[in-house]
Each structure stands twice: as structure tokens, then as C-alpha cells.
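# Commentary on secondary and tertiary structure
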Amino acid sequence: MLSIFQLGGLGRTGQQSTPGGGGGTGAHRYWQFVNLDIPSGYFEISELQLWVAGARAAGATISSSDVPGLGSVSDLNDDDVMTRCFWTITVAEDPSFFVRFDLGSAQVVTGWRQASFDDSNRYIRGCTVQYSDDGSTWTDAGTFSGISWIGALYTYFAVESF
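Being a predicted model, the structure only gives us computed values, none of them experimental.

### Notes on the pairing of strand S8 (residues 98-107)
By the bridge criterion, 6 bridges tie strand S3 (residues 28-37) to S8 in an arrangement that is antiparallel. Note on S8: the bridge partner recorded for His28 is Gln107. Direction of pairing for strand S6 (residues 61-64) relative to S8: antiparallel, over a ladder of 4 bridges. If you follow Ser64 over to S8, its bridge partner there is Val99.

Below is the structure:
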């Protein structure tokens, strides 16, 4: 079971949830977000980051299954909430859509966070996080749902264990 705490930009929002799924442990090179649930319209965020040992995985290479309608996927991990990218909801909620991270080597992911741009209808409300050692075979690490929009700030999920 994966336990998470939802944190805002300056502190806890008071929400706690336990996603379904779970299963994997250990270090893995590839991680991806799939099965996105977006409230409506567009999937538009300014940051989507993986965290390793309490710090942003700054050197990660990010790709997606579709080219964003605005911006670049690299904007998602630049630590700048003023950059952004978006996809239509049709693209983002397609079962084949992914946002993938290549960490360069196997690492233990300790959390993830997103920063929405400026709209309460365009963030990740739910998703599945998966890992892989070869970039081809994927295993669910956790499924998140009921994520609340807390404003144009980071929503950070501190992963206690996979």
C-alpha cells in the first residue's frame, strides 16, 4: 500500500489519501504517468516532477507520447512555475498517452509533484505512476485519485513507500 500526503506550496493542505495499486519496490530508471484524469478542457500544468532522495530529479529526460499544443515537455521539470505546456483532454485522457521520465540510472523515487498553471480544470486529478527497468515493460507503482486543486501552487505527494 502506498501512503501519500498532499502538500501545498507552503504547507499541508490537510488532505491525506491512500491510492490503490502499489506493488513495486526499489530503484528503477524509467517512470511514467498514465491513465490521466483531467477535470475538463485541457491538461495544462507548469511542473510535473519526480523526487529522488528529497530533491527534484533535475537531470531527468522527459518525453511524452504526443507533442504538447503549447510549450515543451522539458518545461515540466525546469523548476519554473511560469513555464507550461498543455495537451487537449482528448489527447491526455487517451489510454495510450504518457509523460515519461528517464532518470539515466536506476533510482528510488521518493515522491512527485505537479504545479498547475492558473486553471482549476487543467491539472492531474488522478493518474497511475508506473516504473520500468528497460523502458518497455511497465509495472504500476501506485494509482492516485481525488487530487484536489489547491491553486496555482505545487501539489506535492511525498511517497512513504512503494
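Having put the structure on the table, let's press on.
### Structural notes on the environment of Thr143
For Thr143, the location among the structural elements is in strand S11 (residues 139-144). Each C-alpha atom of the pair Thr143 and Gln130 lies 8.8 Å from the other, and the pair is 13 residues apart in sequence.

### Details of the sheet that holds S8
The 5 strands are arranged S6-S8-S3-S10-S11 in an open sheet whose pairing can be described as antiparallel. The open sheet has two edge strands, S6 and S11, and neither has a second partner. Adjacent strand axes in the sheet meet at a mean angle of 20 degrees, parallel and antiparallel pairs treated alike. Relative to S11, strand S10 (residues 126-132) is paired through 5 bridges, and the arrangement is antiparallel. Paired with Gln130 across the two strands is Asp140, which belongs to S11.

### Considerations on the side chain of Arg113
Mapped onto the elements, Arg113 comes out in strand S9 (residues 109-116). Of note is the side chain of Arg113, whose polar atom sits 2.5 Å from the side chain of Gln49. Engagement of the side chain of Arg113 in a polar contact is seen with the side chain of Asp79, the distance being 3.2 Å.

Parameters at a glance
Residues numbered from 1 in each chain as written. Predicted model: local features only at pLDDT ≥ 70, side-chain atom pairs only at ≥ 80, totals over all residues. Heavy atoms only, no water. Pairing = 2+ DSSP bridges. Helix = DSSP H or I, 4+ residues; strand = E, 2+ residues; numbered from the N terminus. Axes fitted to C-alpha atoms, helices over the stretch in contact; angles between N-to-C directions. Polar contact = N/O pair within 3.5 Å; in protein donor to acceptor, adjacent residues only side chain to side chain.

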